[in-house]
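Each chain is listed here by its residues.
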Amino acid sequence: MKVSLQQIINELELSEALPGVGKDRTVSGAYCSDLLSDVMAHAQPGDVWLTLQTHQNIVAVAVMAELAAIILTRGMRPDPDTLEKASREGVPLLTTQLPAFEAAGRLYCMFRRERGEC
Amino acid sequence: MLREFPADLHVHSALSPCAADEMTPEALVRRARSQGVALLAVTDHNSAANVAAVMAAAHARQVAVVPGVELQTREDVHLLCLFGELETVLDWQDAIYRALPARKNREELFGPQWLYDVAGRLIGKLDRLLLAATSFSVEQAVAEVRAREGVVIPSHVDRPAYSLLGHLGFLPPELGVEACEVSRRADPAEVRQRFPSLKHVELVSFSDAHRLDEIDRPRTVFLLEQPSLAEIKKALEGRDGRRVTVRGLPVN
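Fair warning: this is a prediction, and the values are worked out from it, not measured in the lab.

Cut-offs applied
Residues numbered from 1 in each chain as written. Chains lettered and ligands numbered in written order. Predicted model: local features only at pLDDT ≥ 70, side-chain atom pairs only at ≥ 80, totals over all residues. Heavy atoms only, no water. Buried < 20%, exposed > 50% of the residue type's maximum accessible area, 1.4 Å probe, protein only. Helix = DSSP H or I, 4+ residues; strand = E, 2+ residues; numbered from the N terminus. Contact = heavy atoms within 4.5 Å. Pairing = 2+ DSSP bridges. Buried area = accessible area lost by both parts, 1.4 Å probe. Salt bridge = Lys/Arg side-chain N within 4 Å of Asp/Glu carboxyl O. Polar contact = N/O pair within 3.5 Å; in protein donor to acceptor, adjacent residues only side chain to side chain. Nonpolar A, V, L, I, M, F, W, Y, C, P; charged D, E, K, R; others polar. Axes fitted to C-alpha atoms, helices over the stretch in contact; angles between N-to-C directions. Parallel < 35°, antiparallel > 145°, perpendicular 65-115°, else oblique.

Chemist: I tried to follow helix H3 (residues 57–64) of chain A on my own but got confused; where do I start?
Modeler: The α-helix advances 3.6 residues per turn, and as a result positions three or four apart in sequence lie on the same side. Along H3(A), the positions that sit buried rather than exposed are A:Asn57, A:Ile58, A:Val59, A:Val61 and A:Ala62. Contacts from the buried residues of H3(A) go to helix H2 (36–42), strand E5 (47–51), strand E6 (69–72), helix H4 (80–89) and strand E7 (93–95) of chain A together with helix H6 (164–168) of chain B. Count one or two residues on from H3(A) and you reach A:Glu66, which has phi positive near 55°.

Chemist: I'm lost on the sheet that holds strand E3 (residues 64–65) of chain B in this one. Help?
Modeler: Neighbouring strands of a sheet are bound in pairs by backbone hydrogen bonds; such pairs are parallel or else antiparallel. Residues and elements named next belong to chain B. With mixed pairing, 5 strands are arranged side by side in an open sheet as E3-E2-E1-E11-E12. In the strand order of this sheet, the two ends are held by E3 and strand E12 (243–246), each with one partner. In this sheet, E3 lies alongside strand E2 (residues 39–42) in parallel orientation, the contact comprising 2 bridges. Note on E3: the bridge partner recorded for Leu40 is Val65.

Chemist: Just checking my understanding: could you explain the interface of chain B and chain A for this structure?
Modeler: The accessible area lost on association of the parts is a frequent measure of interface size. Across the boundary between the two partners, chain B contributes 11 residues, which contact 14 residues of chain A. Summed over both partners, the interface of chain B with chain A comes to about 1,000 Å²; 48% of that surface belongs to carbon and sulfur atoms. Together, B:His167, B:Leu168 and B:Phe170 form the three largest contributors to the area buried by chain B at its contact with chain A, with a combined 40%. At the junction of chain B and chain A, the tally comes to 2 salt bridges. The partner of A:Asp79 in a salt bridge is B:Arg74, and the shortest N-O contact between them spans 2.9 Å. Where chain B packs against chain A, one counts 7 residue pairs in polar contact (both at pLDDT 80 or more). Sort the elements by how many residues they give to the side of chain B that touches chain A and H6(B) lands first, with 4 residues. Across the side of chain B that touches chain A, the residue classes break down as 4 nonpolar, 3 polar and 4 charged.

Chemist: What am I meant to see in the packing of H3(A) against H4(A) here?
Modeler: To characterise two packed helices, one gives the angle between the axes of the helices and the distance between these axes. Residues and elements named next belong to chain A. Their axes nearest at 8 Å, the elements H3 and H4 cross at an angle of 25°. Looking at the two axes, H3 sits roughly parallel to H4. For the pair formed by H3 and H4, the contact residues are Ile58, Val59 and Val63 on the first element and Thr82, Lys85, Ala86 and Glu89 on the second. Tallied by class, residues from the contact of H3 with H4 come to 4 nonpolar, 1 polar and 2 charged.

Set out below in structure tokens:
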């Protein structure tokens, strides 16, 4: 079961830091962590990644772990270097005012609904 | 003439709330000296308020002191920041204080923050909360320290918590740091193998002592003409015959 990144953008009312990048990507799950070493080790390819970290290393981690997109939570804005790198690498960079708990909760409901579980 | 300087450039005084009360400037210098430390840096969390006291205590014992502080960046990464002069670390401290949240320390949660004067007398406690992140990013911190002709050594990079590799995954090549610290029980060769981004930096190892008995025989030895930050910088870059070597782990 997969959803498109566009569906997630709509559902969570995300802002696109790089408008149009990767909206047609399919997303298979989500991972929440602010430790990049943990994300490198445990996120699954196709996940969207919810984090507070805005450092440019998040782009490299997203590319390496083959993540579908990065969602910066609680109003965090990407550093200029991060934005530039994400643009160069074609990594979708989304932002929300929602704290990670609520963003993850909404995503969880969305995935369950798509699976017909609720 | 080049000489060997066994070094411990990461020691906390009783100013760090997590350090033991026994870490007075006088006692920690005495312990360092007895363990053969010739080059010492006291690097308290986000403050250099005890550096002058440590320098005074060390002066009487022929131990050279590098003024320093352990900064916490907004990514919760700990960075050792080392400077050539006391005035410079104090100027950096002012910038750090402006970048810290204006909150008071809660001693029952974090511990007391003891302050000492240059005569080694206890003069009170620092009120502001030191165990917090500043608003500096890792990049901003490195730029600020370099602008003050200082050196940044990311702390205990092999550990998962409060470390550059733990929190940011790998060493950003653009950062251009000369060296990283591995924790006192880590094997530099093993750490280098585990983290490929460390390939081109020197690795050093200091005690990160929070108690007196954690200051032990230095594993890191600098080959320098004199015990100054400029010379340390040369050693970390391997220039003019200056070098740094790290002993492997003692066999248990």
